[in-house]
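Inside the fold
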Amino acid sequence: MLTAEIIRVNSGTHFHLRPECELDEVWVSSRSRWRDALWWLDNPSIGQRPLASKVTWDMKLPDGRNLLDPEHSQLLGWLRRFVWSLFVDPRDKAKAYKTGNGGMLTQGLRVVVPWMVERGQMWPKDVNKEFVAAFIDDLPSIVAVEVDDEEVIREGAAYMPLKIIDLLWRQRLALGEAGISPMPERPWLDEKGANSIAKRIITEARGWIRPLPDEVAIPLMNKAAWFLGAPAEDVLRLREKIEKVYRPIETPNEKLWRLHQARRKRMDAALSDYAFSIIDGESASWHEPLTSCQAKSGRESYASRRVRQLVATVAGAACITIQSSTGMRASEICALRAGTCPDTGLPRGVRIVETASGLNEAFVLRSELTKEEEVPRDVDWLLGMRPKSSDEIPLPVRAMQVLDRLFAHERKLAKTDRLLITTKSGVDLAVNETQISLFNTPRLNRFIKNFIQRWVDLSDLPDESAHRITRNDLIPWRESKGRIIRPHQFRKTYAQFALSIDPRLLPAVQRQYHHVAMAITEGGYWGRNRIQIEPINAMAAQLTAMQMYEMVTGRTKVAGKMGAQLEEGIDEVRKLVEGVDMEVGWRRVMRFVRDNSLHMWFAPHGNCFPMDPGAMGCHKAAGTRPIGVPFPNFTTREPSLCAGCDCFILDLRHVGFWQERYITNAAAHRQAEARGQGGMFRVAAMRAAVAKKLLERLGINTAPLDLCVEREIADVEH
């Protein structure tokens, strides 16, 4: 019997009003019973997918149990009655839900139900105004976790959970008749409340998207940058070899197979003697000879297939580098234009601009922005910086140059100026326009997933990251070999490393982020592009919250005057995390930071946390005062001044800077003393003493550093 017929036949006493004992053998569709884990409702709408009418009760919950477990039988019981009532007994002037809305209801329940269990409020009667307000506060962070693409966080992701709350209120009389105590009050006064709240939440959710874990991001970005060096040049040369021997076939069909064989032999011969480069510091080439593997049967050889894979790998490395070091969204990368300026040798649209200080040159890309814009407009993207005397090319510029050469052949055939373009599946080298595909966001995501799976070894990852907000957060990364990556996280990763550079990054990658950080302080072209600056602001809030979260959970030690003040007065924040799950505590601290408009400013030597802007030492030294948001005075801000400032705080992430500062200054002072010039190096002695004191406050044993000082002195003497 179909669902519609079941509803008609049982209209006298609807299932949601019957006693539990009468529901054991009740059918809700031609395929599903009342107590089944899934309700496959019969959908009369032609053309809809079967999933649209599926209601799922198999749901993991924060307490480690499943909604189907006996411990949650009462919760499951009233939820089933509530959902069924929406199809058969709508109240409060609402229309009956169609069975084709079952999937949408599941989408909302998957958010609301775990949140109720998390708070221990598992009945409709618990859903009061305080409950609703707290749920709305948490919803942006919940939505952000499930996002696959930052650019397309759809309104339904927030609307359906809110709609469940709204429906609980509308069905209060039906639930009451079923013996379930209903919601005590209306969730919001505005009849369009769910719609308007959902729009606000979607905007806010982008700020809650987390960056990639450091343990994943660092090896991934290092490998991508590495690939743009000698490996990319090898792949480009291999492409040139194939182009020379890969000619189109223009003969009768009966001879095609012979000519395919001849072509394959020509390619194998051209590629057989190719010697891959030996990277500096290595004893062997970075890739095995293409002849070392047996040829595949059929129309393609191992060599040609492998070159095709390597082309995709280089493209993936370039996309990762551009996205992770500029903050560009996937759609902006896909829309980049090819070409080289004959005067500068730079990619199309890229120009060099002198910065405000006159000491540096900024690489700026002007491109057309169309997404979320009523009228297309030109925007500037900061690609990197360098000192005026340097000839260094920033990594994103190098990535664009590689892509320009990599797909030149396909671009010519397709008569397009798109930077990113690719061939259809199974095509070694396109010979006509029909074998070419335009690049899009799903393909970019696929290139990135394949790159991390094939070239980044995550097998030795620990179970948990250093800055985790959920338990065992690295296990899925290890088990999936990185394929769970969501490329939009690169925007937050870019912001994180621009604000707080990690010494584990390759020197070239560190320089890229160092120059981005310099651009933040110098201004100029920085900040004119809202899309590029947006993740910086969002990530600053997350890093501020993480600093406080790790303090109250005992994960890190802090030093500096502000560190001491926080340790004494952070009880209010500590109460937010007591007795709750790790992720719940994180959300509460994050909300505390946002609600109180707390701002922290980051530097390699430590952070500025101006709880009292009037106490900022950099402004005192310059004779200035902060107006509005308390930015540091970047012209006077330097480590010695910060170390004595009331706003200064540092933690274990800054240990490397102070260790190096101690070694350098202690060695300089010792050498000066040996020459009888110790008095002239009092500043070095003072810097070494301050560095040692801060390290000891962080619990760092400084004895090994004295051995490093001895070695540095010995190296200079010899």
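Just so it is clear, the structure is predicted and the values come from calculations on it, not from any experiment. (Residues numbered from 1 in each chain as written. Predicted model: local features only at pLDDT ≥ 70, side-chain atom pairs only at ≥ 80, totals over all residues. Heavy atoms only, no water.)

A few words now on the overall build of the chain. Counting its regular elements, the chain contains 27 helices and ten strands. In terms of its C-alpha atoms, the chain occupies a principal-axis envelope of roughly 100 × 85 × 50 Å. Here the chain holds 718 residues, and the buried ones make up 51% of them. Of the contacts formed within the chain by residues at least 6 apart in sequence, a portion of 65% connects residues at least 24 apart. Averaging the coordinates of the 100 positive side-chain charges in the chain and doing the same for the 91 negative ones gives two points 5 Å apart. (Helix = DSSP H or I, 4+ residues; strand = E, 2+ residues; numbered from the N terminus. Buried < 20%, exposed > 50% of the residue type's maximum accessible area, 1.4 Å probe, protein only. Contact = heavy atoms within 4.5 Å. Lys, Arg positive; Asp, Glu negative; His and termini not counted. Charge placed at Lys NZ, Arg CZ, Asp CG, Glu CD.)

In this section: the pattern of salt bridges. Under the defined criterion, the tally for this structure stands at 38 salt bridges. Residues Glu392 and Arg511 are paired through a salt bridge, measuring 2.9 Å at the closest nitrogen-oxygen approach. With Glu392 in the loop between strand S5 (377–387) and helix H13 (395–406) and Arg511 in helix H18 (residues 507–522), this residue pair connects regions lying 119 residues apart in the sequence. Relative accessible area serves as the criterion here: at 37%, Arg511 is assigned to the partly exposed category. Among the charged side chains, a network of salt bridges with common partners joins Glu20, Asp24, Arg35 and Arg81. (Salt bridge = Lys/Arg side-chain N within 4 Å of Asp/Glu carboxyl O.)

The phi angle at Lys481 is positive, at roughly 55 degrees, despite the residue not being glycine. With respect to the helices and strands, the residue Lys481 is situated in the loop between helix H16 (475–480) and helix H17 (489–499). One non-glycine residue with positive phi stands out, namely Ser597, at about 50 degrees.

This part is about a nonpolar patch on the surface. Taken together, the side chains of Val683, Met686 and Val690 present a nonpolar region at the surface, about 240 Å² in accessible area. Within the secondary structure, Val690 sits in helix H26 (residues 682–697). Val690 gets classed as partly exposed once you look at its relative accessible area, which sits at 31%. (Patch = residues over 30% accessible without salt bridge, like charges linked within 9 Å, V, L, I, M, F, W, Y side chains within 5 Å. Areas by Shrake-Rupley, 256 points an atom, 1.4 Å probe, with all protein chains shown as cover.)

Another point: the state of the cysteines. All chains considered together, the criterion is met by zero disulfides. Unpaired in this structure, Cys319 has its nearest cysteine sulfur neighbour in Cys334, at a distance of 7.1 Å. Owing to a relative accessible area of 0%, Cys319 belongs among the buried residues under this scheme. No disulfide involves Cys647; its sulfur sits 4.1 Å from the nearest other cysteine sulfur, which is in Cys645. The buried category is assigned to Cys647, whose relative accessible area is 2%. (Disulfide = S-S within 2.5 Å.)

Think of an α-helix as turning once every 3.6 residues; residues three or four places apart then point the same way. The end-to-end C-alpha separation of H13 is 16 Å, in line with the 16 Å expected for twelve residues at 1.5 Å each. Among the twelve residues of H13, ten are classified as buried, and the element is accordingly described as predominantly covered. (Expected span 1.5 Å × (residues − 1).)

On to the sheet that holds S5, then. Across the sheet, three strands lie side by side as S3-S4-S5; this open sheet has antiparallel pairing. Each end of this open sheet is capped by a strand with a single partner; those strands are strand S3 (350–354) and S5. Across the sheet, the mean angle separating the axes of adjacent strands is 30 degrees when strand polarity is ignored. Relative to S5, strand S4 (residues 360–369) runs antiparallel, the two sharing ten bridges. Following the sheet pairing, Ser367 is matched in S5 by Val379. Contacts between H13 and the sheet are confined to S3, S4 and S5, with S5 contributing the most and set at about 115 degrees to the helix. (Pairing = 2+ DSSP bridges. Axes fitted to C-alpha atoms, helices over the stretch in contact; angles between N-to-C directions.)

What follows covers the side chain of Arg491. With respect to the secondary-structure elements, Arg491 resides in helix H17. Within the structure, the side chain of Arg491 is placed 2.5 Å from the backbone oxygen of Gly327, a separation counted as a polar contact. (Polar contact = N/O pair within 3.5 Å; in protein donor to acceptor, adjacent residues only side chain to side chain.)

By themselves, these observations are geometric and do not establish any function.
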